[in-house]
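# Results of the structural survey
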Amino acid sequence: MHDIMELRLTSRTIILLLILTVLMVYYPALFAPLIGVDDLKMYHYLHNSDDINLRSLFFPGGSGTYYRPLLTASFLLDKYAWGLEESFMHLQNIILHLCNALLVYAITRRSFLFLDVVSPVPAFLAALFFAVHPINTEAVNWVSGRTDLLAGFFILLSFMLVIKYPIPWSWSLLAAICLFLACLAKETAVFFLPAALFLPFFLSRVEGFKVYLGTFIGKNIFHFLFFILSVSGYFALRALAFSASDDGVSRVVTHIAGGHSNGIMVSVRLILKASGFYVKKLFIPFPLNFGITHVSDLYMIVGAALFVVMALFLVRRKLSDYFFLAAFSIGSSALMIPLLGVTWTPLAERYMYIPSAFFLGGLTLAAYPKFRNCRHEKILQTCFAALALVAIFGTVSRTLLWQDNLLLFQDTVRKSPDFLPAQNEYAIALYAAGRKDEANAHINSLQVPDDLINYQYGLVNKAYARVQSDDYEGARRLLRKALENPGKHEVMILQRLLKLNEVQIKNGKAQAGAFYSDDVQFLERLYEITRDSFYQYRIGQTHMFKGDRAKAGKAFQCVVAHAPENVYYLSAARKLLQKMSE
């Protein structure tokens, strides 16, 4: 290990090596398409937005689960800088990941100075393994995974500003602002707050200062105050942003309060399983899977051990312990997901993107003193090289898989055969590849019990297959069945019903106006749920086609009164309203 640490590498050389490594490993991502999970929805939203409107960006109104205006701003940059070109959208993800790897290097390098280690090599190893860790491929390759990359950038920047003792109040202020920005990229960044508040306690111990609680709090009062205010400010802004209701915060509160709780024992079991699973993933990321739904109960043992170790780290307060606790603090947000059930999967590799940065920094800080004077240097060097090659091979292989949606979802279905959303995406990929018969056979073979989570996807899939076979009534029955208990999929189901009516008329299987009442009912419900004025515009169009000018005028008046100025249909609504008033 001594030989490795004494390699004559300058920071400039290390930065160049990290840049080359990240660009070479993730180069295939530039040729990857968008995927149906979130990417296409985001793409269509951006495509239909005419101008940047900061008010609607930060104060969307209505209700919502996610509040990520900074993430949306980054996608708007994609639109106006290079026209939503997929390769450049992927490039932005890669550049963010590169910046984060460089921040890991800077943070770890500064941390080693507390241990009187001047060699940049151990910090380089931490950054290198973060750059090529296979668990991070999901966040980097998935365009919508940018939320983790962007939040990670501001969290790491925040931490880099305060990794010094004593911490100047001005640096604490800047770091708190960075945390605020991280929250605007992804709400789970608030889980960095406990780590930020504990930092002075660890740094004072590392520097050998005696801690007298009253004096200590007085000296660091601005640090504590700024970070608490940054998170409080985020929640205040979020409350103002959603004029109707904040479904995301409400869901967490009602679960904690017991309104939708699974029970204490079930919740503890899920948390321990998830904790143990993520610990294993950080050490051994394989197999990689985009649709993780179930893990072994044996992970509860690892999860329980993790909580014990974290408690010991709080007492011991070494600098490496702080990095592990920071990883645990941020990663604990992922432990809520299986309880709340609001995302694509209850478990996901991308949730460990930010924690992996702190985990690898802590691992390097903890391992260096033990291996510094190791007698078996050649063996150790071989092990490091082998680990790096395995990580690079895993990352490159996974990145190549993300180049083809059919291969990606084929892999996901193979590893999670009971995961209906993945089955849905696999069928869509088959249709896109021109393999219609295979897609129909795949969908018709699916079993969709009513008690299955997200079973609505299965019914929608089967309805789509019926449409491909011109069985419109069969498709309508399936969609109606899904609408009886839509869960969080009501908007999607209503949109599919509207599309079904449109396709049936377009193909000459029904007369124009045959679904007038149904269309109006579906559109009114969509407007009620989303408060999107576009649905009022479509209601007006539907009434106009039927000849009901009074109802059409009322709908267009609603559009003129409530639609944002930048939407393309506003001018059309004004002209139609004026025409009807003549």
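Quick note: structure is the one above.
Report on the accompanying structure. (Residues numbered from 1 in each chain as written. Predicted model: local features only at pLDDT ≥ 70, side-chain atom pairs only at ≥ 80, totals over all residues. Heavy atoms only, no water.)

## Side note on the overall build of the protein chain
Helix and strand counts for the protein chain come out as 29 helices and two strands. At 26 Å, the protein chain has a C-alpha radius of gyration in line with the 25 Å of a compact globule built from 582 residues. Taking all 582 residues of the protein chain together, the buried fraction comes to 51%. Averaging the positions of the 54 positive and the 42 negative side-chain charges in the protein chain gives two centres separated by 6 Å. (Helix = DSSP H or I, 4+ residues; strand = E, 2+ residues; numbered from the N terminus. Rg over C-alpha atoms; globule rule 2.2 N^0.38 Å. Buried < 20%, exposed > 50% of the residue type's maximum accessible area, 1.4 Å probe, protein only. Lys, Arg positive; Asp, Glu negative; His and termini not counted. Charge placed at Lys NZ, Arg CZ, Asp CG, Glu CD.)

## Describing the packing of helix 23 (residues 455-468) against helix 25 (residues 490-506)
Orientation of helix 23 relative to helix 25, taken along the N-to-C sense of each, is 5°, at an axis distance of 11 Å. Comparing the axis directions of helix 23 and helix 25 gives the class roughly parallel. Here Gln456, Tyr457, Val460 and Val467 of helix 23 lie close against helix 25, whose contacting residues are Met492, Ile493, Arg496, Leu500 and Val503. Residues belonging to the contact of helix 23 with helix 25 are distributed by class as follows: seven nonpolar, one polar and one charged. (Axes fitted to C-alpha atoms, helices over the stretch in contact; angles between N-to-C directions. Parallel < 35°, antiparallel > 145°, perpendicular 65-115°, else oblique. Contact = heavy atoms within 4.5 Å. Nonpolar A, V, L, I, M, F, W, Y, C, P; charged D, E, K, R; others polar.)

## Quick word on the pattern of salt bridges
On inspection of all chains with the given rule, the structure shows 20 salt bridges. Its salt-bridge partner being Lys186, residue Asp148 comes within 2.6 Å of it at the nearest N-O pair. You can see Asp148 sitting in helix 9 (residues 146-162) and its partner Lys186 sitting in the loop between helix 10 (169-185) and helix 11 (193-206), a full 38 residues away along the chain. No difference in accessibility class separates Asp148 from Lys186, as the two residues are buried. One salt bridge in this structure joins Asp518 and Arg480, with 3.4 Å as the shortest N-O distance. In this pair, Asp518 sits in helix 26 (residues 516-530) while Arg480 sits in helix 24 (residues 472-484), placing the two residues 38 residues apart along the sequence. One network of salt bridges, with partners in common, ties together Arg398, Asp411, Arg414 and Lys415. (Salt bridge = Lys/Arg side-chain N within 4 Å of Asp/Glu carboxyl O.)

## Some words on the nonpolar core
Of all hydrophobic cores here, the largest spans 106 residues; its most connected members are Phe159, Phe192, Tyr278, Tyr322 and Phe358. Element by element, the count of residues in this core is highest for helix 17 (residues 319-340), at eleven residues. Those residues in contact with Phe159 that lie beyond four places of it in its chain are Ile107, Phe192, Leu199, Tyr322, Phe323 and Phe358. Among the nonpolar cores identified, the runner-up in size contains 28 residues, and Val448, Val460, Leu497 and Ala555 belong to it. (Core = buried A, V, L, I, M, F, W, Y, C linked by side-chain atoms within 4.5 Å.)

## What to know about the packing of helix 23 against helix 24
Between two packed helices, the angle of one axis relative to the other and the distance separating the axes together describe the packing. Direction vectors running N to C along helix 23 and helix 24 enclose 170°, while the axes themselves pass 8 Å from each other. By the criterion of interaxial angle, the relationship of helix 23 to helix 24 is roughly antiparallel. Between helix 23, through Gln456, Leu459, Val460, Lys462, Ala463, Arg466 and Val467, and helix 24, the contact on the second element is made entirely by Tyr472, Gly474, Ala475, Leu478, Leu479, Lys481 and Ala482. Looking at the contact of helix 23 with helix 24 residue by residue, the class counts come to nine nonpolar, two polar and three charged.

## Some remarks on helix 2 (residues 11-25)
The terminal C-alpha atoms of helix 2 lie 21 Å apart, and with 15 residues this matches the ideal 21 Å at 1.5 Å per residue to within 8%. Regarding helix 2, the residues found buried are Ile14, Leu18, Thr21, Val22 and Val25. All buried residues of helix 2 project into a common sector of 90° when viewed along the axis, lining one side. Helix 2 presents Arg12 and Met24 as exposed residues on the side facing more than 90 degrees away from its buried surface. (Expected span 1.5 Å × (residues − 1). Arc of directions from axis to C-beta.)

## Focus on unusual backbone geometry
Of the consecutive residues Tyr165 and Pro166, the connecting peptide bond is found in the cis state with omega at -5°. Position of Pro166 among the secondary structure elements: in the loop between helix 9 and helix 10. Across the junction of Phe286 and Pro287, the peptide omega takes the value 0°, indicating a cis bond. Here Pro287 lies in the loop between helix 15 (264-283) and helix 16 (299-316). Despite not being glycine, Asp116 shows a phi value in the positive range, around 60°. Along the chain, Asp116 falls in the loop between helix 6 (86-114) and helix 7 (121-132). Here the phi dihedral of Asp470 falls at roughly 65°; this positive angle occurs in a residue that is not glycine.

## Examining helix 15
The α-helix winds at 3.6 residues per turn, so residues separated by three or four positions along the chain end up facing the same way. Taking 1.5 Å of rise per residue, 20 residues should cover 28 Å, and helix 15 covers 29 Å from first to last C-alpha, within 8% of that figure. Those residues of helix 15 not exposed but buried are Ser267, Leu272, Lys273, Ala274, Ser275, Gly276, Phe277, Tyr278, Val279, Lys280, Lys281 and Leu282.

## Points about the packing of aromatic side chains
Overall, the coordinates contain 35 aromatic pairs when judged by the stated rule. These aromatic residues form a ring-pair network of at least three members: Phe159, Phe192, Phe202, Tyr322, Phe323 and Phe358. (Phe/Tyr/Trp six-rings, centres within 6.5 Å; stacked < 30°, edge-to-face > 60°.)

## Quick look at a nonpolar patch on the surface
A surface patch of nonpolar side chains, amounting to about 1000 Å² of accessible area, comprises Trp169, Trp171, Leu173, Leu174, Ile177, Leu213, Ile217, Ile221, Phe222, Leu225 and Leu229. Within the residue set of the nonpolar patch, elements represented by two or more residues are helix 10, helix 12 (213-219) and helix 13 (221-241). Ranked by residue count, the leading element in the nonpolar patch is helix 10, at five residues. With respect to the element layout, Leu229 can be found in helix 13. (Patch = residues over 30% accessible without salt bridge, like charges linked within 9 Å, V, L, I, M, F, W, Y side chains within 5 Å. Areas by Shrake-Rupley, 256 points an atom, 1.4 Å probe, with all protein chains shown as cover.)

## Examining the side chain of Asn501
Residue placement: Asn501 occurs in helix 25. Not counting chain neighbours up to four residues away, the residues in contact with Asn501 comprise Arg476, Phe515, Asp518, Asp519 and Phe522.

## Concerning the environment of Tyr67
With respect to the helices and strands, the residue Tyr67 is situated in the loop between strand 1 (63-64) and helix 5 (69-82). With 42 residues separating them along the chain, Tyr67 and Arg109 place their C-alpha atoms 34 Å apart. The contact partners of Tyr67, leaving out residues within four places of it in the chain, are Phe58, Pro60, Cys183, Leu184, Glu187, Tyr234, Leu237, Arg238, Ala241 and Phe242. Reaching out from Tyr67, the side chain makes a polar contact with the backbone oxygen of Phe58 at a distance of 2.8 Å. (Polar contact = N/O pair within 3.5 Å; in protein donor to acceptor, adjacent residues only side chain to side chain.)

## Description of the environment of Ala348
For Ala348, the location among the structural elements is in the loop between helix 17 and helix 18 (353-371). On the basis of relative accessible area, Ala348 is assigned to the buried category, the value being 2%. Placed 49 residues apart in sequence, Ala348 and Tyr299 show a C-alpha to C-alpha distance of 15 Å. For Ala348, the contacting residues outside a window of four places in its chain are Glu138, Tyr278 and Ile292.

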